[in-house]
Amino acid sequence: MEELSYLKKVESNARTYAQTFQRLFVSGKGMRIKDASGQEFLDCLSNAGTLALGHNPPAVKDAVMDFLGGDHLQQALDLATPAKHAFVQELFSMLPAKMRDTSKILFCGPSGSDAVEAAIKLARHYTKRSTLMAFHGGYHGMTAGALSAMGNLSPKAGNGLIAQGTHFLPFPYRFRCPFGTDGEQTDQLSIDYIRTVLSDPEGGVTKPAAVIVEVVQGEGGCIPASAHWLRALREITLEQDILLIVDEVQTGLGRTGTTFAIEHAGIVPDILVLSKAIGGGYPLSVIVYADHLDTWSPGMHAGTFRGNQVAMIAGAATMRQIRQDNLVAHAAHMGKRLESGLHEIARRFQFISDIRGRGLMIGVEVTKPGANQRAGQADGARARAIKLNCFDNGLMMETGGRHGAVLRFLPPLTITEAEVGMVLDRFEQAVRKAGETRPHYAREAV
Ligand code: PMP
C-alpha cells in the first residue's frame, strides 16, 4: 500500500504503535475502527486510553461541528472564553466534593507530559525543595522532568543524568512483590519502607518537594494500588509536609469505574494531573491543585497551545455525556464482566498468570512457568504473539509492563455487553493460537 510504505520510509524509528499495527486506518465509530482493506477492529487501545466515548461520538461531534460553524476563537492562548468557562465548570462539578471549592486549575501545553512538568515545577516552587520521589514502574511522560520520574529505563537510555534528583520507591506490585514476598504483605512492606526512607535521619535521602504516583499504573503494567496503601501514602506525605501529586492522566474521567481513581481511596492529592479523556479526543491537559499552593507568578508555566478551544468544547460534551448516560457506573459494571471473562480464559491457559485492574483498565500478565518464583518469568514474547494474533482477529490492544508481558485492555467506557463478549472471544482465540505455537523468545523493545 502506497501510503503505508511512504510513511514507513519517512517516519521516525521512534514511532511506536505504527510499528506494531502496520495498516492504514481510515475510519472509526464507537469502539470499531476500519483499515483501508475494510477489516474491522474492536479498539481496546482507545488512543492510549483517551477516547472515553470511543471514536466519533455523536454528541461530541455535534458540539464540535456547531462550534466550528461560528466565528469563535479556535486557539486563544490562556485567554478567557465562553468555551473555557463551560469546560472548567463542567470539570469542577465532577471533582470530588472536597476539591470542588478549594482548587485552582492551570491549562498546560496539551500533553500529559507538560502537565506533569507543571505539577513538578509548582511543587518545587512552593516547597523550595528540588528533589522528587516516584515509583518503580511509573509512567509520567516523555519530557525531561516527566521522564525523570519514569520507571522504564529504555526511554532514558543514553540521556545522561536525566534521573538526577529523583528517588524511586517500591510500588505495591503484589504479583511481583519488590520485597520478594508472596504479595500478601506487599502493601504494608512498601508503606513501612517509604515511611522509613522519609523519616530516617541517616537514610541518605533528603526531603523531596513531592511524591508523584499513579493510582493504577498504566504503562507500567496495569497495576492498581489498594485504597489502604494510597491512604497510608497520603498520611505519610501529610505528616512529612511533602506534596502528593496524583497523575490521573490515564485513569481520570471514569476509566477505573469511579470518576477519578482517587475516589477508590477517598484521598485528596495536593496536585491532580489530568489529560487524555478530559479533552474529549482532542489534546488538552490541566493540573488542578489546592488553592493555597497558588503562589507562583504569571508566566511560570506558560506555553502557546494552552487554549485549545475545540478540546474544551469536546471535553465538556464528553463530561456531559458521561454524566447523562451514567457511564462511570457502566464502566465499573462492564469492567467486572470483562475481568471475570478473562479469569475464565486464564483457567484454560497456564501462562496467563495474573489479571488485575480497576474498571475498564485491565491487565493480563503472561509468564513462563517458573520453578522458584511464584509469578514466573515475564514472557514478553508470548504477550506480543497474543497481541499480534488479536490484531489478526480484529482486536486491537497494546502490551506494557515489565518486558512488555502485560496485555492491556482500555476499551471505551461505552463498550456494550455484546462487545465485551466479542472482545473475550477474539482474545481467547488469540491466546489459544499463541499457546499452540512456541513463540520466538527474541528480546523486544518495550
Ligand atoms: N501520565 C500517565 C499516567 C500516562 O499514562 C501518560 C501517557 N501514557 C502520560 C502521563 C503522558 O501523557 P502524554 O503522552 O500526553 O504526554
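These figures come from a predicted structure and were not determined experimentally.

Trainee: What exactly am I supposed to notice about the sheet that holds strand β3 (residues 40-43) here?
Mentor: Sheet strands pair via backbone hydrogen bonds, and the direction of the pair is either parallel or antiparallel. Strands sit in the order β1-β2-β3-β16 across an open sheet of four strands; the sheet is mixed. Two strands in the sheet have a free side with no partner beyond their single neighbour: β1 (25-29) and β16 (395-396). Each of β2 (32-35), β3 and β16 is contacted by helix α14 (residues 417-436), which is oriented at about 105° to β3, the strand it contacts most.

Trainee: When you look at the site of the ligand in this model, what are you seeing that I'm missing?
Mentor: Close to the ligand lie S111, G112, S113, Y139, H140, G141, E214, E219, D247, V249, Q250 and K276. One nitrogen or oxygen atom from the side chain of S113 is found 2.5 Å from an oxygen atom belonging to the ligand. One of the side-chain nitrogen or oxygen atoms of Q250 is found 2.8 Å away from an oxygen atom of the ligand. Burial of the ligand by the surrounding chains reaches 83%, relative to a free accessible area of 390 Å². Its residues placed into classes, the shell around the ligand shows two nonpolar, six polar and four charged.

Trainee: Sorry if this is basic, but what is going on with the state of the cysteines here?
Mentor: Working definition: the covalent bond between the sulfur atoms of two cysteines is a disulfide. Within the structure shown, the criterion is met by zero disulfides. Summary of cysteine pairing: C390 is not part of a disulfide, and the nearest cysteine sulfur, belonging to C44, is at 8.7 Å. Look at C390 and you get buried, because its relative accessible area is 0%.

Trainee: Looking at this structure, how should I read the nonpolar core?
Mentor: Generally speaking, soluble globular proteins have nonpolar side chains that are buried together. Formed by 99 residues in total, the largest nonpolar core has its most connected members in W229, L342, I352, I386, F409 and F427. Both domains that meet at this core, namely domain 1 (2-56 + 326-441) and domain 2 (72-324), each give it at least three residues. Not counting residues within four places of it along the chain, the set of residues in contact with F427 comprises L342, I345, I352, V364, I386, C390, L395, M397, L407 and F409. Grouped together as the second largest cluster of nonpolar side chains are 27 residues, L122, A146, F168 and A209 included.

Trainee: I tried to follow the domain arrangement of the protein on my own but got confused; where do I start?
Mentor: Interface extent is often summarised as the accessible area lost during association of the parts. Taken domain by domain, the protein consists of domain 1 (2-56 + 326-441) and domain 2 (72-324). Put simply, the middle of domain 1 and the middle of domain 2, counted by C-alpha atoms, are 25 Å apart. A buried area of about 2,900 Å², summed over both sides, lies between domain 1 and domain 2, and 56% of it is on carbon and sulfur atoms. Across the contact surface, domain 1 and domain 2 share two salt bridges. Across the salt bridge formed by E365 and R176, the nearest N and O atoms sit 2.7 Å from each other. Here domain 1 is connected to domain 2 by 18 residue pairs in polar contact (both at pLDDT 80 or more). If you list the elements that add at least two residues to the side of domain 1 that touches domain 2, you get α3 (46-49), α12 (327-348), β13 (352-358), β14 (361-368), β15 (377-378) and β18 (406-409).

Trainee: Sorry, what's going on with the pairing of β2 here?
Mentor: Consecutive side chains of a regular strand alternate in pointing toward one face of the sheet and then the other. Judged by which residues are buried, β2 turns out to be one-sided: I33 and D35 face inward and are buried, whereas R32 and K34, on the alternate face, are not. By the bridge criterion, four bridges tie β1 to β2 in an arrangement that is antiparallel. Residue K29 lies in a different strand from β2, and its bridge partner there is R32. As consecutive antiparallel partners, β1 and β2 are separated by two residues, and within that stretch G30 has a phi angle of approximately 60°, a positive value. Sheet topology note: the β2/β3 ladder contains three bridges and is antiparallel. Residue pairing in the sheet places I33 in a bridge with F41 of β3. Hairpin remark: β2 followed by β3, antiparallel, with four residues in the connecting loop; positive phi at G38, about 95°.

Trainee: Mind showing me how you'd approach the pattern of salt bridges here?
Mentor: Proximity of charged atoms lets side chains of opposite charge pair with each other. Going through the model one piece at a time under the given rule, you end up with 22 salt bridges. Here E90 makes a salt bridge to R323, at a shortest N to O gap of 2.0 Å. Of this pair, E90 sits in helix α5 (residues 82-94) while R323 sits in helix α11 (residues 309-324); the two residues are 233 residues apart in sequence, bridging distant segments of the chain. In this structure R323 comes out as partly exposed when scored by relative accessible area, which is 43%. When the shortest N-O distance is used, the salt bridge between R356 and D354 registers 2.7 Å. When its relative accessible area of 18% is taken as the criterion, D354 is described as buried. Salt bridges linked by common partners bring R176, D354, R356 and E365 together as one network.

Trainee: Is there a simple way to explain the sheet that holds strand β10 (residues 243-247) in this structure?
Mentor: The seven strands lie next to each other as β4-β12-β11-β10-β7-β5-β6, forming an open sheet whose pairing is mixed. Looking at strand neighbours, the two that pair on one side only are β4 (103-107) and β6 (166-169), the edges of this open sheet. Taken over all neighbouring pairs, the strand axes of this sheet differ in orientation by 20° on average, direction set aside. In terms of strand pairing, β4 meets strand β12 (residues 286-290) through five bridges, oriented antiparallel. Counted as the bridge partner of K104 is Y289 from β12. Against the sheet, helix α7 (residues 112-127) makes contact with β4, β5 (132-135), β7 (210-213), β10, β11 (271-274) and β12, and its axis sits at roughly 165° relative to β11, the strand it touches most.

Trainee: Looking at this model, I keep getting lost on helix α4 (residues 58-69). Mind explaining?
Mentor: One full turn of an α-helix is made of 3.6 residues, so residues set three or four places apart face in the same direction. The end-to-end C-alpha distance of α4, which contains twelve residues, comes to 16 Å, matching closely the 16 Å that a straight helix rising 1.5 Å per residue would cover. The complete set of buried residues in α4 reads V60, A63, V64 and F67. What you see down the axis of α4 is that its buried residues fit within an arc of 95°, all on one side. Seen from the open side of α4, the exposed residues pointing more than 90 degrees away from its buried face are P58, D62, M65, D66 and G69. Summarising the contacts, the buried residues of α4 are in contact with α5 and α11.

Trainee: Where do I start with the side chain of E428 in this structure?
Mentor: Take E428: it is sitting in helix α14. We classify E428 as buried; its relative accessible area is 14%. Ignoring any residue separated from it by four or fewer positions in sequence, one finds E428 in contact with I345, R348 and F349.

Criteria and thresholds
- Residues numbered from 1 in each chain as written.
- Predicted model: local features only at pLDDT ≥ 70, side-chain atom pairs only at ≥ 80, totals over all residues.
- Heavy atoms only, no water.
- Pairing = 2+ DSSP bridges.
- Helix = DSSP H or I, 4+ residues; strand = E, 2+ residues; numbered from the N terminus.
- Contact = heavy atoms within 4.5 Å.
- Axes fitted to C-alpha atoms, helices over the stretch in contact; angles between N-to-C directions.
- Near = heavy atom within 4 Å.
- Polar contact = N/O pair within 3.5 Å; in protein donor to acceptor, adjacent residues only side chain to side chain.
- Areas by Shrake-Rupley, 256 points an atom, 1.4 Å probe, with all protein chains shown as cover.
- Nonpolar A, V, L, I, M, F, W, Y, C, P; charged D, E, K, R; others polar.
- Disulfide = S-S within 2.5 Å.
- Buried < 20%, exposed > 50% of the residue type's maximum accessible area, 1.4 Å probe, protein only.
- Core = buried A, V, L, I, M, F, W, Y, C linked by side-chain atoms within 4.5 Å.
- Domains from an automatic or database assignment.
- Buried area = accessible area lost by both parts, 1.4 Å probe.
- Salt bridge = Lys/Arg side-chain N within 4 Å of Asp/Glu carboxyl O.
- Expected span 1.5 Å × (residues − 1).
- Arc of directions from axis to C-beta.

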